[in-house]
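# Coordinate inspection notes
Chain by chain, the residues:
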Amino acid sequence: MADTLKLRIVTPRGVVYDREVAMVTLPAQDGELGVYPTHTPLFTLIGQGEVIAKATGKEDRILVTGGCAEITGDAVSILTVFATDEERVDERQAEEARRRAEERLKERDKLSPEELALVQASLAHSTAQLRVRRRRRPGQPPGGGSQG
Amino acid sequence: MPNTRNIRHRIQSVRNTSQITRAMQTVAASKMRRAQDAAVQGRPFAQLAMQFLAQAAKAAEDYTHPLLEAREVRRRAVILVSTDKGLCGALNANLFRQAAELDAATTMFIAAGRKGAQFLARAGRNLVAEFPYHETPLFSDAQAIAQMARQIFSKKEADEVAVLYPRFVNTLVQKPETVSLLPMNRLWEKENLSNEPGREYLFEPTVPGVMDYLLRYYLDFQILQILQETRASEHSARMVSMKNATENAEQLLKDLTLAYNKIRQAAITTELLDNATAQMAIS
């Protein structure tokens, strides 16, 4: 049996993450979910939070907001609209996305329920990105700082 | 003697045309790159979403949903995705040839893109709605179309909803393709997932919770992907056809210039000959 998991995170804008890892922690809707290889097949909804991918001597954190994950014994696939590798958070872009989302929320009567949900998720996602960015001010080692 | 002024005018007009087509080629090329990126990057998502639904639907056998209900197909609705503007080679023509083959009596059409709507109106087909979509297709564009498709299907106005669009293969090749959207099972039936053993899945929090979530967004994103593919095809086709037009114009310009010079030289020779004869007559 496999001793690694193939983690794939896919958004409409492309594949954000595609690597073999040893263990994955997912932000499921009702709490964190740790997945090791040979996990029981499972479909789960994703809330907002960090997907933590642990490989030998390395740890990647990817911020996701909403979505759905399929877990099989040797793979974890995450389908989500919003996912950003924390290494690649762009403060300006996140700020811009937040501003746009806030603007669109002002006219919320014009949005369909699905659109509204997406805009709200976009707002939550950009806010989370900014929070991550501020937590890791330049000079601090990645992953350091208060995890509160 | 052939008229040099006529040829000069033609040269000028061909040159103007080539300048316009070259400008259009440059514009299409830059739009093409962006549209192609969007289309190619959206594919893994569409593919994975389909796999998710197929696997989940297989595991959740007891789950039923109006959009998964397969009925005997008596009437079809076809979403025809075309461009808004012309000058993109045979892209729309190829698409419309396929559309024309569909049975007029049992098919209703939904048009996305102005060219398709014009074609359907001219051909006297049953056009029930027309939707615009942006240069960079937005989620809301796709959602409006998806909403209409869901409505038609659940009100049983049609037993199948399909989409006909120019799939982007590469810059030179775009292929008209019909994909069945509703009922949703059609989408993955042909994907040959049957050889994979149906796994026993757990669902967290619940089966309806996961399935509702997947079904709610699935169609919208699938249509968004199709709109993006269409844009990529459109700009690729336009870039190529404008490139050809520019090359043709340049060739024509060369031929015309040659003809012009020949006439001019012939005129000079005749004139010299005239002078020489006159001189000889005098002396």
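A short tour of the structure in this document, coming up. Bear in mind the structure is a predicted one, so any value in this text is a computation, not a measurement.

Let us now look at the overall build of chain B. Counting secondary structure elements, chain B contains 6 helices and 6 strands. Traced from its N-terminal end to its C-terminal end, chain B shows the element sequence α-β-α-β-α-β-α-β-β-α-β-α. Over its C-alpha atoms chain B spans a radius of gyration of 28 Å, topping by over 25% the 19 Å that the globule rule assigns to 283 residues. In terms of overall dimensions, chain B has a C-alpha envelope of 115 × 35 × 35 Å along the principal axes. Within chain B, the fraction of its 283 residues that count as buried is 46%. Residue pairs in contact within chain B that sit at least 24 positions apart in sequence constitute 76% of those at least 6 positions apart. If you sum the accessible surface of chain B, you get close to 14,900 Å²; carbon and sulfur atoms cover 53% of it. For chain B, the separation between the mean place of its 35 positive charges and that of its 29 negative charges on side chains is 10 Å.

With that out of the way, let us pick up unusual backbone geometry. All names here are of chain B. Put simply, L182 and P183 share a cis peptide bond, and its omega is -5°. Looking at the element boundaries, P183 is found in the loop between β5 (174-182) and α5 (185-189). Backbone geometry at L87 places phi at a positive 55°, although glycine is not the residue there. Relative to the assigned elements, L87 resides in the loop between β1 (76-81) and α2 (91-100). Residue L87 is classed as exposed on the basis of its relative accessible area, which comes to 54%. Despite not being glycine, K156 shows a phi value in the positive range, around 60°. Take K156: it is sitting in the loop between α4 (139-154) and β4 (160-168). According to the relative accessible area criterion, K156 is partly exposed, its value standing at 44%.

What describes two packed helices is the angle between their axes and the distance between those same axes. Residues and elements named next belong to chain B. Interhelical geometry of α4 versus helix α6 (residues 207-282) gives an angle of 120° and a closest axis separation of 8 Å. With respect to each other, α4 and α6 are oriented oblique. For α4 against α6, the interelement crossing comes out right-handed. Contact residues: F139, D141, A142, Q143, I145, A146 and R150 in α4; R216, Y217, L219, D220, F221, I223, L224 and L227 in α6.

What follows covers the layout of surface pockets. Residues and elements named next belong to chain A. Here the largest pocket is characterised by a volume of approximately 1,700 Å³. Surrounding the largest pocket, 46 residues form its lining, P12, R13, V81, F82 and R100 being those nearest its centre. In terms of residue class, the lining of the largest pocket is made up of 19 nonpolar, 14 polar and 13 charged.

This model, assessed by the stated rule, comprises 1 cavity of 30 Å³ or more. Quantified by volume, the largest cavity comes out at close to 50 Å³. Taken together, P12 of chain A together with G42, F45, A46, F221, L224, Q225 and Q228 of chain B form the lining of the largest cavity. With 4 residues, α6 of chain B is the largest single contributor of residues to the lining of the largest cavity. The residue makeup of the lining of the largest cavity, split by class, is 5 nonpolar, 3 polar and no charged.

Okay, the interface of chain A and chain B next. Contact residues are listed per partner, giving 32 residues for chain A and 26 residues for chain B. Both faces considered, chain A and chain B share a buried interface measuring about 2,500 Å² in area, 71% of it formed by carbon and sulfur atoms. Looking only at chain A, the three residues that lose the most surface to chain B are F43, L79 and E114 of chain A, adding up to 28% of its buried area. Taken together, the links from chain A to chain B amount to 1 salt bridge. We note a salt bridge from E114 of chain A to R216 of chain B, for which the minimum N-O separation is 3.6 Å. Linking chain A with chain B are 9 residue pairs in polar contact (both at pLDDT 80 or more). Elements supplying a minimum of two residues to the side of chain A that touches chain B: β1 (5-11), β2 (14-21), β5 (42-45), β8 (68-72), β9 (75-79) and α2 (113-135) of chain A. In the sheet, β5 of chain A pairs with strand β6 (residues 202-204) of chain B via 3 bridges, with the strands oriented parallel. Directly across from F43 of chain A, in β6 of chain B, lies its bridge partner F203 of chain B.

Residues and elements named next belong to chain B. Together, V169, L172 and V173 make up an exposed nonpolar region whose accessible area comes to about 270 Å². Along the polypeptide, V169 turns up in the loop between β4 and β5. Accessibility expressed as a relative area gives 37% for V169, which makes it partly exposed.

The subject of this paragraph is the sheet that holds β5 of chain B. All names here are of chain B. Strand order in the open sheet made by the 5 strands is β3-β2-β1-β4-β5, with mixed pairing throughout. What marks the edges here is a single partner per strand, and that holds for β3 (126-131) and β5. Strand-to-strand twist in this sheet, taken as the mean axis angle between neighbours without regard to direction, amounts to 25°. For β1 and strand β2 (residues 107-112), the ladder comprises 6 bridges, and the chain directions are parallel. Looking at the pairing, I79 lines up with I110 of β2. Relative to the sheet, α6 contacts β1, β4 and β5, its axis offset from that of β4 by approximately 35°.

Further remarks concern the nonpolar core. Counting residues in each nonpolar core, the largest one holds 58 residues, and the members touching the most others are I79, V81, L182 and M184 of chain B. If you tally residues by element for this core, the top one is α6 of chain B, at 12 residues. Sequence-distant contacts of I79 of chain B, that is, excluding residues within four places in its chain, are made with I110, I145, A149, V161, A162, V163, L164 and L181 of chain B. Ranked by size, the runner-up nonpolar core spans 19 residues in total, among them L5, I9, I62 and A69 of chain A.

Reading the values: rules and limits
- Residues numbered from 1 in each chain as written.
- Chains lettered and ligands numbered in written order.
- Predicted model: local features only at pLDDT ≥ 70, side-chain atom pairs only at ≥ 80, totals over all residues.
- Heavy atoms only, no water.
- Helix = DSSP H or I, 4+ residues; strand = E, 2+ residues; numbered from the N terminus.
- Rg over C-alpha atoms; globule rule 2.2 N^0.38 Å.
- Buried < 20%, exposed > 50% of the residue type's maximum accessible area, 1.4 Å probe, protein only.
- Contact = heavy atoms within 4.5 Å.
- Areas by Shrake-Rupley, 256 points an atom, 1.4 Å probe, with all protein chains shown as cover.
- Lys, Arg positive; Asp, Glu negative; His and termini not counted.
- Charge placed at Lys NZ, Arg CZ, Asp CG, Glu CD.
- Axes fitted to C-alpha atoms, helices over the stretch in contact; angles between N-to-C directions.
- Parallel < 35°, antiparallel > 145°, perpendicular 65-115°, else oblique.
- Left-handed = near helix turned anticlockwise from the far one by under 90°.
- 1 Å grid on protein atoms, 1.4 Å probe; cavity = no way out; pocket = protein on both sides within 12 Å on 5 of 7 lines; lining within 4 Å.
- Points joined across faces, edges and corners; volume = space filled by probe spheres on them.
- Nonpolar A, V, L, I, M, F, W, Y, C, P; charged D, E, K, R; others polar.
- Buried area = accessible area lost by both parts, 1.4 Å probe.
- Salt bridge = Lys/Arg side-chain N within 4 Å of Asp/Glu carboxyl O.
- Polar contact = N/O pair within 3.5 Å; in protein donor to acceptor, adjacent residues only side chain to side chain.
- Pairing = 2+ DSSP bridges.
- Patch = residues over 30% accessible without salt bridge, like charges linked within 9 Å, V, L, I, M, F, W, Y side chains within 5 Å.
- Core = buried A, V, L, I, M, F, W, Y, C linked by side-chain atoms within 4.5 Å.

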